[in-house]
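Here's the letter readout for the chains.
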Amino acid sequence: MTAPHPRSRRVLALPLGMAMATALAFLPNITASAAEAAPTATATTTAGDATSLSYVVNVRPGHGPSARVKKAIAEADGTIVTSYDQIGVIVVHSSNADFAKILRAVPGVESAGNTRNAPLPAQSTDDMGTPKVLSAREVAAAQAADGQDPLEPQQWDLAAIKADKAHEVSLGSPKVTVAVIDTGVDDTHPDIAPNFDRAASVNCVAGKPDTADGAWRPSASESPHGTHVAGEIAAAKNGVGMTGVAPGVKVAGIKVANPDGYFYTEAVVCGFVWAAEHGVDVTNNSYYTDPWYFNCTDDPDQKALVDAVTRASRYAEKRGAVNVAAAGNENYDLAADTITDPVSPNDGTPSDRVIDPTKCFDIPTQLPGVVTVAATGAKGLKSSFSNHGLGVIDVAAPGGDSTRYQTPAPPATSGLILGTLPGGKWGYMAGTSMASPHVAAVAALIKSTHPHATPALVKALLYAEADATPCTDPYDIDGDGKVDAVCEGTKNRNGFYGWGTVDALAAVTK
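Here goes a summary of the coordinates provided. Note that the coordinates shown come from a computational prediction; the quantities given were computed from them, not determined experimentally.

## Let's talk about the nonpolar core
Line of reasoning, step 1. Among the nonpolar cores identified, the biggest contains 61 residues, and Val371, Val439 and Val442 are the most heavily contacted of them.
Line of reasoning, step 2. Among the elements that take part in this core, helix H9 (residues 432-449) stands out by supplying 10 residues, more than any other.
Line of reasoning, step 3. Apart from the residues within four sequence positions on either side, valine 439 is in contact with Val324, Val371, Val373, Val395, Ala397, Leu462 and Val502.
Line of reasoning, step 4. By size, the runner-up hydrophobic cluster in this structure holds 42 residues, among which are Val256, Val280, Ala312 and Ala321.

Below, the structure is given as structure tokens:
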């Protein structure tokens, strides 16, 4: 990946024109300048104020900001946007360049930092690619066997995790909801509408909830990433289009990416807290929190971002949600001694930072309690782009790969992952962004089978029921005679596949 690149475990540049899906490397080619782009929901400053930034101020959870902290925020030219008292995170806007430094010296403040480097609204960046959209003719020509949705024969990923067999036993419970924390979900799509949970859906882009009808939907100029993810999870088995891994569960949309495609900390915090308080059973997180690919805890600003998102994700788990996240698409070994990060900050001036992955974290992917997911292709091998790392990757699932590298068995024709797209369309994408929703859906099937299971038990079953997948050694995915990645570990747990490839049939039968 070249710098700067988008944030979602979005779309990757793959051989032969393959559509990308990276860590939320965004999909549509949005190249408008900040002046041309629609103003982001986070901007509360006047049009002439080009220096205002957003901050998180972290205090003791449970009591709200003290009078002393409120006074200090005001005196430092800060305006409180909202306060998540449950977890002690305050979202503030300020044009004072020393705001975070001043607040860190205030008694009662545990950490504080700016969530971005660009003024409000954020600058846009070029996206990495677009989905391969199925034409109306291709959809009409689809032929399926009895009991299948029309496009299901193209979904090699369902059989790869035995989801097709699982559907003969259970489609999942409508009492279980998976929240897609992402770029927004088009709930009017015919494959999503039957299973959409409106009450659990929201727009969190401003760092506080916007519950206006349809606020969770992406606009025509925004990324279709979240809609694709939602279909992978819970596209209804209704004789239309495709079938999700868990087509009987509910899916909600929690929009956290602004119109320029950035996932900022205040929005992500809002998303987790909303999920925690609206009965969500599983969250899917196919992105990394901007602007830092890795947030280093020895930097006071980045530490504040880690603190805030950690508090929010832990709160969601405490309230009953299993948090699942994509591992990323740079073929990084996340267990290496060092990693060179060439893309951070992606809203400022990136440089080749050499980081220690034991101190610098991709959030929420590497946070405590989060299920970290690597991607596999149609041959069951680690996808060429998927990050890996012994002790970091928990499980693996289909995320697609170049069809040339991993060709599916007929009748499937593409090595990418089929999903829903806004406007009633379907299309292919690939990335760990596509692997994570497969795992989120299997977790939802486990929750359907064991409705009283705690998040800890759901995760334990997810790992125990996964199909052990041994290291691919040597790993030469492109066949050029050179090793493309090194897998460490045993058959039962290793850096490519974690505890193994998730098993949807075991989720509904054990």
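There's plenty left to go through after this.
## Notes on the sheet that holds strand S8 (residues 177-182)
Line of reasoning, step 1. Read across the open sheet, the 7 strands follow the order S9-S10-S8-S11-S13-S17-S18; overall the sheet is parallel. Edge positions in the sheet fall to strand S9 (202-203) and strand S18 (395-398), since each has one partner strand and no second.
Line of reasoning, step 2. As judged from the 2 bridges shared by S9 and strand S10 (residues 250-255), these two strands associate in the parallel manner. Bridge assignment links asparagine 203 to a residue of S10, and that residue is lysine 255.

## Observations concerning the sheet that holds strand S3 (residues 53-59)
Line of reasoning, step 1. Spatial ordering of the open sheet is given by S4-S5-S3-S6, a layout of 4 strands whose pairing is antiparallel. At either end of the open sheet lies a strand with only one pairing partner, and these are strand S4 (78-84) and strand S6 (109-114). Direction aside, the axes of adjacent strands within the sheet are offset by 20° on average.
Line of reasoning, step 2. The strands that helix H1 (residues 67-75) touches are S3, S4, strand S5 (89-94) and S6; relative to S4, the one it contacts most, it runs at about 145°.
Line of reasoning, step 3. Helix-sheet contacts for helix H7 (residues 265-276) involve S3, S4 and S5, and the interaxial angle to S4 is about 25°.

## A closer look at the state of the cysteines
Line of reasoning, step 1. One pass over the structure, following the stated rule, counts 3 disulfides.
Line of reasoning, step 2. Put simply, cysteine 204 and cysteine 270 are joined by a disulfide, and their sulfur atoms are 2.1 Å apart. Measuring handedness by torsion sign, the sulfur bridge of cysteine 204 and cysteine 270 sits at about -60° and is left-handed. Here cysteine 270 lies in helix H7 and cysteine 204 lies in the loop between S9 and helix H6 (225-234), a separation of 66 residues in the sequence.

## Here's the deal with the packing of H7 against helix H8 (residues 300-318)
Line of reasoning, step 1. Running from N to C, H7 and H8 cross one another at 15°; their axes reach a closest spacing of 8 Å. Compared by their axis directions, H7 and H8 come out roughly parallel. Both H7 and H8 take part in a crossing whose hand is left-handed. Counting all contacts with H7, which are made through Thr265, Val268, Val269, Phe272, Val273 and Ala276, the residues of H8 involved are Leu305, Ala308, Val309, Ala312, Ser313, Tyr315 and Ala316.
Line of reasoning, step 2. Grouping the constituent residues of the contact of H7 with H8 by class yields 11 nonpolar, 2 polar and no charged.

Definitions and cut-offs
Residues numbered from 1 in each chain as written. Predicted model: local features only at pLDDT ≥ 70, side-chain atom pairs only at ≥ 80, totals over all residues. Heavy atoms only, no water. Core = buried A, V, L, I, M, F, W, Y, C linked by side-chain atoms within 4.5 Å. Buried < 20%, exposed > 50% of the residue type's maximum accessible area, 1.4 Å probe, protein only. Helix = DSSP H or I, 4+ residues; strand = E, 2+ residues; numbered from the N terminus. Contact = heavy atoms within 4.5 Å. Pairing = 2+ DSSP bridges. Axes fitted to C-alpha atoms, helices over the stretch in contact; angles between N-to-C directions. Disulfide = S-S within 2.5 Å. Parallel < 35°, antiparallel > 145°, perpendicular 65-115°, else oblique. Left-handed = near helix turned anticlockwise from the far one by under 90°. Nonpolar A, V, L, I, M, F, W, Y, C, P; charged D, E, K, R; others polar.

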